[in-house]
Amino acid sequence: MSEILDRNISRKVSDVSPTDIKILIAGFLDEANKVMGHGADDQDVSWLIDWTTRYVTDRYNYLPVHHLRAAIEYGALGERGGTSKLMPRNIAIWVREQANILQDLNARKIKAEDDKIRQGNFNSTKANGFVAAAVRMKVSWLADGMITG
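**Quick look at helix α2 (residues 18-35)**
Here α2 spans 26 Å end to end across 18 residues, near enough to the 26 Å set by a 1.5 Å rise per residue. Of the positions making up α2, those classed as buried are Asp20, Ile21, Leu24, Ile25, Gly27, Phe28, Leu29, Ala32 and Asn33. Count one or two residues on from α2 and you reach Gly37, which has phi positive near 85 degrees.

**A word on the pattern of salt bridges**
If charged atoms from side chains of opposite charge come close, those side chains can pair. According to the stated counting rule, one finds six salt bridges in the structure shown. The salt bridge involving Lys22 is made with Asp50; its shortest N-O contact spans 2.7 Å. On the criterion of sequence distance, the pair formed by Lys22 in helix α2 and Asp50 in helix α3 (residues 42-59) is long-range, its members being 28 residues apart. Taking the relative accessible area as the measure of exposure, Lys22 reaches 37% and is therefore partly exposed. Note that Asp115 is salt-bridged to Arg118, the shortest N-O span being 2.6 Å. Placement of both Asp115 and Arg118 in helix α5 (residues 88-125) is noted, with a separation of three residues, approximately one turn of the helix. The exposure class assigned to Asp115 is partly exposed, which follows from its relative accessible area of 31%.

**With respect to the side chain of Asn90**
Along the chain, Asn90 falls in helix α5. Side-chain polar atoms of Asn90 contact the backbone oxygen of Lys85, separated by 2.5 Å. Excluding anything up to four places from it in sequence, Asn90 contacts Gly82, Thr83, Ser84 and Lys85.

**Here's the deal with the packing of α2 against α3**
Interhelical geometry of α2 versus α3 gives an angle of 125 degrees and a closest axis separation of 9 Å. If you check the angle between α2 and α3, you find them oblique. For the pair α2 and α3, the crossing hand works out as right-handed. Packed against α2, whose contacting residues are Ile21, Lys22, Ile25, Ala26, Leu29 and Asn33, the element α3 presents Val45, Leu48, Ile49, Asp50, Thr52, Thr53 and Thr57 at the interface. Looking at side-chain class alone, the contact of α2 with α3 contains seven nonpolar, four polar and two charged residues.

The rules behind the values
Residues numbered from 1 in each chain as written. Predicted model: local features only at pLDDT ≥ 70, side-chain atom pairs only at ≥ 80, totals over all residues. Heavy atoms only, no water. Helix = DSSP H or I, 4+ residues; strand = E, 2+ residues; numbered from the N terminus. Expected span 1.5 Å × (residues − 1). Buried < 20%, exposed > 50% of the residue type's maximum accessible area, 1.4 Å probe, protein only. Salt bridge = Lys/Arg side-chain N within 4 Å of Asp/Glu carboxyl O. Polar contact = N/O pair within 3.5 Å; in protein donor to acceptor, adjacent residues only side chain to side chain. Contact = heavy atoms within 4.5 Å. Axes fitted to C-alpha atoms, helices over the stretch in contact; angles between N-to-C directions. Parallel < 35°, antiparallel > 145°, perpendicular 65-115°, else oblique. Left-handed = near helix turned anticlockwise from the far one by under 90°. Nonpolar A, V, L, I, M, F, W, Y, C, P; charged D, E, K, R; others polar.

As structure tokens, then:
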């Protein structure tokens, strides 16, 4: 699984082959089952792999694989909500929370880029040098009545 994970870790779920995504989800859920104390038997885990694969490819195919991995890993640890049982409801909660985290990260990135562009535009229209300082001083003196027009 590590070769498949290395090859697909930064790809979106929609860009990964169906066979590879199923293998990856199987590995993630097997690890989650172990972390959660083997609450689900092999038949349940097999069904959960199919369910999770269908759910993620239908609703969250824009998620990068590393976010899907984080959803299941941190969800199993109790850091993404849900209860202490490996079941579809909890997996859905974990993936939704991770999708919200991804959206927040993207929003922060876009805001930082916009702020950078806005600051660049502001600085490009601002007058520079001694002439601008002199004009500002004269305008303030004129407003204070220290000089006349």
